[in-house]
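Summary of structural features
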Amino acid sequence: MDEAARLSAAVDKVSVGRVYDYLLGGTHNYAVDQAFAEKQLAVLPEIRDFARANRAFLGRAVRFMVDQGIRQFVDIGSGLPTQGNVHEVADEVAPGECRVVYIDNEPIARAHAQILLEQTADPNRHAALDADFFDQGRLWERVLDTGLIDRTQPIGLLLVALLHFMPDERNPHATLGFHRTMLPPGSFLAVSHIHVAPEDVETQNAGEQVAAEYGRRTNHAAIMRSREQVAEFFGELELVDPGLVWLPQWRPGAGDFVDEASRSRGLAGVARTR
């Protein structure tokens, strides 16, 4: 199937990236995505809180990394371009200094990202690739082939709202273990993942219903994991303060609903390589 046919087929199918964009109030989505999102919101209204808290975490994590001296980023599972893209946040903190490689395996997400970069970004510092989290070595070959990422210097690796779509049978913990080995000393890894407190049985049931519907309509079933299972994604890396916490609790800023942080239904953390 050629690229045009792939894009045509993708437009007619519910897209995880476009649903996320719709939940954030973006415009890169279609009626099929909007209808799907509204159906899930009727079951679990907090998924919009997750989307917004997750995007806010991404921005805070990028700012933190730039403040720590990071000047190059790899964003795996970047999805559709929407508010607060990595390169935009990084350039607010360090104008003209940071390089970003976006990676997604959804053809329409990659196409939109390429258009955005051509219109608003610097092709000498920003690139978008069509690749998959599970490609491991091949993914990093393509990243390095862009000429934007220097493996002798610290890297900011972002896997934000991605890993809960990675099924256990494909062993995402091992794959992320490989990606961690590609990070030089002084690098950072940011991860966010859906999570519901185990005592919240009603929300657990609603979350499982929504997760199953994602699997049925998008071929990306969401995986509900425990706090311990999410923590395992960091391996032996050292989590920076405040550790693995609810999304709004990670170095919160103005407008983050810290007092009702569990409403975000997501955990987040950033770790440093030694």
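Just above sits the structure.
Figured I'd write up the structure that's included with this text. Note that the structure is predicted; figures quoted are calculated from it, not measured.

Conventions and cut-offs
- Residues numbered from 1 in each chain as written.
- Predicted model: local features only at pLDDT ≥ 70, side-chain atom pairs only at ≥ 80, totals over all residues.
- Heavy atoms only, no water.
- Helix = DSSP H or I, 4+ residues; strand = E, 2+ residues; numbered from the N terminus.
- Salt bridge = Lys/Arg side-chain N within 4 Å of Asp/Glu carboxyl O.
- Buried < 20%, exposed > 50% of the residue type's maximum accessible area, 1.4 Å probe, protein only.
- Axes fitted to C-alpha atoms, helices over the stretch in contact; angles between N-to-C directions.
- Parallel < 35°, antiparallel > 145°, perpendicular 65-115°, else oblique.
- Left-handed = near helix turned anticlockwise from the far one by under 90°.
- Contact = heavy atoms within 4.5 Å.
- Nonpolar A, V, L, I, M, F, W, Y, C, P; charged D, E, K, R; others polar.

We now examine the environment of Tyr 214. By the secondary structure assignment, Tyr 214 is in helix α9 (residues 201-218). The spacing of Tyr 214 and Ile 194 is 20 residues in sequence and 13 Å in space, taken between C-alpha atoms.

Before going further, it helps to spend a moment on the pattern of salt bridges. For the structure shown, the criterion picks out 14 salt bridges. The salt bridge partner of Asp 91 is Arg 125, with a shortest N-O separation of 3.1 Å. In this pair, Asp 91 sits in helix α5 (residues 86-93) while Arg 125 sits in the loop between α6 (107-120) and β3 (126-130), placing the two residues 34 residues apart along the sequence. A relative accessible area of 13% means that Arg 125 is categorised as buried. The shortest N-O distance in the salt bridge between Glu 141 and Arg 138 comes to 3.4 Å. You can see Glu 141 and its partner Arg 138 sitting in helix α7 (residues 137-145), 3 residues apart, about one turn around the helix. For Arg 138, a relative accessible area of 45% puts it in the partly exposed group. Several salt bridges share partner residues, and in doing so they unite Lys 39, Glu 213 and Arg 216 into one network.

It is worth spelling out the packing of helix α3 (residues 31-43) against α9 at this point. Pairs of packed helices are described in terms of their axes, by the angle between the two and the distance that separates them. Here α3 crosses α9 at 160 degrees, and the two axes come no closer than 9 Å. Regarding the angle of α3 to α9, the classification is roughly antiparallel. Read as a crossing pair, α3 and α9 show a hand that is right-handed. Within the contact between the two elements, α3 uses Val 32, Phe 36, Lys 39, Gln 40 and Val 43 and α9 uses Ala 206, Gln 209, Val 210, Glu 213, Tyr 214, Arg 216, Arg 217 and Thr 218. Of the residues assigned to the contact of α3 with α9, the class counts are 6 nonpolar, 3 polar and 4 charged.

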